[in-house]
Amino acid sequence: MKKRKVAASIFGSALLAVTSFGVYFSNLLMFKKKKDENLVLTRETTAGRFDPVKYEGLPKREILIDSPLGYQLKTILVEPHQTNRYVIICHGVTENKVNSVKYMNIFLERGFNGVIYDHRRHGESGGKTTSYGHYEKLDLKAVIDWLKLDKGPDLVLGIHGESMGAATMLLYAGMVEDGADFYIADCPFSDFAELLEYQIKKDIKLPPRLVLHVGDFFLRLRDKYSVKEVSPISVVENIHKPILFIHSKDDKYILPSMTEALYERKQGHKKLFLALNGAHAQSYNENREEYETAVDEFLEECGFSE
């Protein structure tokens, strides 16, 4: 009898420990701490990548687009040009649409109009959790569908994504949607489970597969998807339109080998630019001239330069 009580106590303690860790790990993913919005604004303004006066002077419309998942997406259409050419910018995790402005400006200077919006649970958009592209791809589809309905069949559309935004864009296009005319994927991950294993091994020093197995179990219970479903490399072959892949060689958060793997798997028109300088999501900030040259060459190759 005593042995049974001891065994039950050990089992109960182990179950509590696993449950506590599973909740903790899934919380880290679902509710990843976002950057303070004022911090993002100050950072971009101080670095000269966001000019409040210039931005306020641009002709624009603020739109609330309904997500199929039951919340609204704060979206801004910036339309200084009389054109049917638009580029949608998808920001990374913890960021917001202010971080998208520097990329939008690249395309405004090249005769496109721009669309920036906040991903779910970021900025001024609704949504309770972050899913690293799994649910965000459906929101991107909603933005694209709205824009196509508003602009009509002659719309020429590009999508630019950074980090999670790039993964979101690839996951959207890989749903056999391929609804844009070209894509630019800046520092995407190729497979979320692989990325998490790498980060767990590097930062937590615990057996990555065991940690991921437990965390994923609780993520499936709580947010109804598995990290294994968030895999751009598993769908990139479905994307037939041109893609420019960008990554910094010094990125230690998402390794550039992930972008190289995506580039190798992609069929058809593609281009790869590996920036010499910068950490994660810093390719443009640290290599502006080379970055814009890569974009210009890509647009010219695709027939979308002015």
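Residues numbered from 1 in each chain as written. Predicted model: local features only at pLDDT ≥ 70, side-chain atom pairs only at ≥ 80, totals over all residues. Heavy atoms only, no water.

(A) The layout of surface pockets, seen in detail. By volume, the largest pocket is sized at about 360 Å³. Lining the largest pocket are 18 residues, and of these Leu29, Lys32, Leu196, Gln199 and Tyr253 lie nearest its centre. When residues of the lining of the largest pocket are traced back to their parent elements, those giving at least two are helix 1 (2-30) and helix 7 (192-203). The residue inventory of the lining of the largest pocket, partitioned by class, reads 14 nonpolar, two polar and two charged. There is about 240 Å³ of room inside the second largest pocket. In this structure, the second largest pocket is lined by 14 residues; those nearest its centre are Glu37, Asn96, Lys97, Val98 and Glu124. Sorting the residues of the lining of the second largest pocket by element identifies helix 2 (37-46) and helix 4 (97-108) as the ones contributing at least two each. (1 Å grid on protein atoms, 1.4 Å probe; cavity = no way out; pocket = protein on both sides within 12 Å on 5 of 7 lines; lining within 4 Å. Points joined across faces, edges and corners; volume = space filled by probe spheres on them. Helix = DSSP H or I, 4+ residues; strand = E, 2+ residues; numbered from the N terminus. Nonpolar A, V, L, I, M, F, W, Y, C, P; charged D, E, K, R; others polar.)

(B) Broad picture of the environment of Ser234. Within the element layout of this structure, Ser234 appears in the loop between helix 8 (208-223) and strand 7 (243-248). Looking at Ser234, its side chain comes within polar contact range of the main-chain oxygen of Ser231, at 2.7 Å. (Polar contact = N/O pair within 3.5 Å; in protein donor to acceptor, adjacent residues only side chain to side chain.)

(C) Region of the structure containing the packing of helix 7 against helix 8. Two elements in contact, helix 7 and helix 8, have axes whose closest approach is 9 Å; the angle formed by their N-to-C orientations is 125 degrees. Accordingly, the angle class assigned to the pair helix 7 and helix 8 is oblique. Here helix 7 runs over helix 8; the crossing is right-handed. The residues of helix 8 that touch helix 7, namely those facing Ala193, Leu196, Glu197, Ile200 and Lys201, are Pro208, Arg209, Val211 and Leu212. Looking at the contact of helix 7 with helix 8, its residues break down into six nonpolar, no polar and three charged. (Axes fitted to C-alpha atoms, helices over the stretch in contact; angles between N-to-C directions. Parallel < 35°, antiparallel > 145°, perpendicular 65-115°, else oblique. Left-handed = near helix turned anticlockwise from the far one by under 90°. Contact = heavy atoms within 4.5 Å.)

(D) Layout of the sheet that holds strand 4 (residues 113-117). If you walk across this open sheet you meet the eight strands as 1-2-4-3-5-6-7-8, and the pairing is mixed. Unpaired on one side and paired on the other, strand 1 (60-66) and strand 8 (270-275) mark the two borders of the sheet. Averaged over all pairs of adjacent strands, the angle between strand axes in this sheet comes to 20 degrees, irrespective of strand direction. The pairing of strand 3 (residues 85-90) with strand 4 spans four bridges and is parallel. Residue Ile89 lies in a different strand from strand 4, and its bridge partner there is Ile116. (Pairing = 2+ DSSP bridges.)

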